Structures are given as C-alpha cells and as structure tokens.
Amino acid sequence: MHSCDVNPIFATVLMIVSLIIFYVSIMVNKEYYKQNIKLTKKDILQMIMVTVFGMAIILIFISNLYAFLVGSLIITFGNFTLLLMKQKRCLSE
C-alpha cells in the first residue's frame, strides 16, 4: 500500500474488487453447497452489509495500512462467520 510506484487509490480499489469477486463467486456456486443449505436474501444482504462496512473503513482511512488490514479482516471474518453460522443452522435442522 505504501509503494511509491503504485497509486494507493488504485491498489485499494483493486483489493476491494478482488474481495467482492471472491465473495460473489462463493454465493454463485450454490451447486457445491450441501443439500439443505440455501442462501436467502437476508443472508446475502448481511454479507453485503459486512462488505460495505469493511470497504468504508478501508476507504475512509485510505492512507493507513492498518486500517486497510482491519477493513479486510472485517470483510473476511464477517463473511466467514455469517457463512459458518448459516451452515451450522442448516445442518442442525
């Protein structure tokens, strides 16, 4: 993030886009989910809200490397937690 050769805005946007593509690909690959696990609109909305919150932290403090890492951690850990809770809930039914 602090390289003199790369525009920090470009690098930040590129990382955010890569995280978004990663989580969209998880949502799209429904055929690989276990039989009774279905993502509802509420689940997708929660994942979008976590992602937007992490992106906001990254973009508000764009010049701070630690804020970038915290925002990425929020996106990753938040979506992981939501998907894990969904899996546990669906498998226990």
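Just above, that's the structure.
Let me begin by describing the structure that accompanies this report. (Residues numbered from 1 in each chain as written. Predicted model: local features only at pLDDT ≥ 70, side-chain atom pairs only at ≥ 80, totals over all residues. Heavy atoms only, no water.)

## Structural notes on helix H1 (residues 8-28)
Two residues of an α-helix separated by three or four positions point the same way, owing to the 3.6 residues in each turn.
Phase 1: In this model H1 runs 30 Å from its N-terminal to its C-terminal C-alpha over 21 residues, within 8% of the 30 Å that 1.5 Å per residue would give.
Phase 2: Looking at H1, one finds that the buried residues are Ala 11, Thr 12, Ile 16, Leu 19, Tyr 23 and Met 27. The arc enclosing the buried residues of H1, seen along the axis, measures out at 155 degrees, which places them on a common side. Among the exposed residues of H1, those pointing more than 90 degrees away from its buried face are Phe 10, Ile 21 and Val 28.
Phase 3: Packed against the buried residues of H1 are helix H2 (41-60) and helix H3 (65-92).
Phase 4: Two to three positions downstream of the cap, the backbone nitrogen of Ile 9 sits 3.1 Å from a side-chain oxygen, assigning the N-cap of H1 to Asn 7. (Helix = DSSP H or I, 4+ residues; strand = E, 2+ residues; numbered from the N terminus. Expected span 1.5 Å × (residues − 1). Buried < 20%, exposed > 50% of the residue type's maximum accessible area, 1.4 Å probe, protein only. Arc of directions from axis to C-beta. Contact = heavy atoms within 4.5 Å. Polar contact = N/O pair within 3.5 Å; in protein donor to acceptor, adjacent residues only side chain to side chain.)

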